[in-house]
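# Fold and contact review
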Amino acid sequence: MLTKGRKVPGRGDTAPVNYAFGPHEDDLIIKHRLLTRTTTTRGEPPLKKLQKKFTSFVLEIEKGDDNYNDCAKLSKAFLQELSTFEIPLLKSKAVIDANVREKENFNELKEEINRQISLAQADIEDLKKQLEESKIERQHKEECEAIRKLIAQQPPRSETQKIITDLEKEIAALEAENTAGSRLLELRKKQFALLLHVVDELQNTIEEEQKNLIEEMKMAEEQKNGMEDASGGSEAMAVD
């Protein structure tokens, strides 16, 4: 039985609902009532009726041997009541079996769905890899196309080869000119070194000649002075 406690809710409040039993207890009670068939919409519960039939049958048997007809009637009534009680049980069993099969089918369907989900996830991963590979391949194609355009903008190979040949000839001529210039520069260095040596020798010779000339002039001056001194002495002696 369910009881509800109410209070007057204010504005914006929700009236709380209080139950005599919790959801778990309710499930246990309902399960017990379904198993014992003690709950009916009208009349006496089937299990109590079966219990009364069985009790009457047992009491009648215990009375004696002269009540065979009554025992047969009560036995028949008990068996009918038992059949009546068994029919809902069979229906419930059929429902349970159907539910078990449905649950098994559901589990199989769930496993199949999970398997398909796993396959779909694997396909998604493969498609992601293919997409990345396609992006890389497209990038390579774009790079190749850009290189091809650059190559197409360049002059033909024959013209390029001709330019290379002309440049090689020009380089060879410049190298030859450079070699000739180097040789001429080396010759000029030698000539300049020789010139410097000659100038140095000439300068030494001139300095040596100047020294000799100065010495000769000094000697001549000394001789002249000596002669003048000698002539002056002789004059003085003559005056005396």
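As annotated in an unreviewed UniProt entry, the protein chain carries the name THO complex subunit 7 and comes from Acer negundo. Annotation of the protein chain in UniProt includes, under Subcellular location (unreviewed entry), the sentence "Nucleus". UniProt annotates the protein chain under Sequence similarities (unreviewed entry) with the comment "Belongs to the THOC7 family."

### Considerations on the packing of helix α2 (residues 46-63) against helix α3 (residues 68-153)
Each packed pair of helices is defined by two parameters, the angle between the axes and the distance between the axes. Where α2 contacts α3, the axes come no closer than 9 Å and their chain directions differ by 160°. On the basis of the axis angle, α2 is roughly antiparallel to α3. Along this stretch, α2 crosses α3, giving a crossing that reads as left-handed. Across from Pro46, Leu47, Lys49, Leu50, Lys53, Phe54, Ser56, Phe57, Glu60 and Ile61 in α2, the residues of α3 making contact are Asp70, Cys71, Leu74, Ser75, Ala77, Phe78, Glu81, Leu82 and Phe85. Partitioning the contact of α2 with α3 into residue classes produces 12 nonpolar, two polar and five charged.

### Quick notes on the confidence of the model for the protein chain
Mean pLDDT over the protein chain stands at 79; residues scoring 70 or higher make up 77%. Highest mean pLDDT in the protein chain belongs to α3 (88); lowest belongs to helix α1 (residues 23-36) (65). A low-confidence stretch, residues 1-12 (pLDDT under 50), is modelled with 16 contacts involving residues beyond four sequence positions or located in other chains.

### Looking at α3
Here α3 spans 123 Å end to end across 86 residues, near enough to the 128 Å set by a 1.5 Å rise per residue. Within α3, burial applies to Cys71, Phe78, Glu81 and Phe85.

### Side note on a nonpolar patch on the surface
A contiguous nonpolar patch, built from Phe192, Leu195, Leu196 and Val199 and spanning about 380 Å² of accessible area, is present on the exposed surface. Secondary-structure assignment places Phe192 in helix α4 (residues 157-239).

### Digging into the pattern of salt bridges
This structure, assessed with the given rule, holds six salt bridges. The salt bridge partner of Arg148 is Glu145, with a shortest N-O separation of 2.5 Å. Here Arg148 pairs with Glu145, and both are found in helix α3, just three residues apart, close to one helical turn. Look at Glu145 and you get partly exposed, because its relative accessible area is 32%. Between Lys162 and Asp166 there is a salt bridge whose closest N-O contact spans 3.3 Å. Residue Lys162 and its partner Asp166 are both found in helix α4; the two are separated by four residues, about one turn of the helix. Overall, Lys162 belongs to the exposed group, its relative accessible area being 54%. Since its relative accessible area comes to 36%, Asp166 is described here as partly exposed.

What counts, and at which threshold
- Sequence positions are assigned chain by chain, starting from 1 and proceeding in written order.
- Local features in this predicted model are restricted to residues of pLDDT 70 or higher, and side-chain atom pairs are both shown and tallied only at a pLDDT of 80 or more, whereas totals for entire chains, interfaces and linings draw on every residue.
- Hydrogens and waters are ignored; side-chain quantities use all the structure's heavy atoms.
- UniProt positions are given in the numbering used here, feature names are shortened, and annotations may be inferred rather than shown by experiment.
- Where helices are involved, their axes are fitted lines through C-alpha atoms of the stretch in contact, as for all axes, and angles between N-to-C directions lie from 0 to 180°.
- Only DSSP runs of H or I reaching four residues or more are called helices, and only runs of E reaching two or more are called strands; each is numbered from the N terminus.
- Comment on the angle field: the value is read as roughly parallel under 35 degrees, roughly antiparallel over 145, roughly perpendicular from 65 to 115, and oblique elsewhere.
- Left-handed describes a crossing whose near helix is turned anticlockwise from the far helix by less than a right angle; the clockwise case is right-handed.
- The contact rule is simple, with two residues in contact once any of their heavy atoms fall within 4.5 Å.
- Each residue receives one of three labels: charged for Asp, Glu, Lys and Arg, nonpolar for Ala, Val, Leu, Ile, Met, Phe, Trp, Tyr, Cys and Pro, and polar for the others, Gly being one of them.
- Predictor confidence is given residue by residue as pLDDT, running from a minimum of 0 to a maximum of 100.
- For a helix, the expected span equals 1.5 Å multiplied by the residue count minus one.
- We call a residue buried when its accessible area falls under 20% of the maximum for its residue type, exposed when it is over 50%, and partly exposed in between, using a 1.4 Å probe and counting protein chains only.
- In this analysis, a patch consists of residues with relative accessible area above 30% that form no salt bridge, clustered at 9 Å for like charges and at 5 Å for the nonpolar side chains Val, Leu, Ile, Met, Phe, Trp and Tyr.
- For accessible areas, the Shrake-Rupley method is used with a probe of radius 1.4 Å. Any residue's cover is judged against the shown protein chains and nothing else.
- By definition here, a salt bridge exists when the distance from a side-chain nitrogen of Lys or Arg to a carboxyl oxygen of Asp or Glu is within 4 Å.

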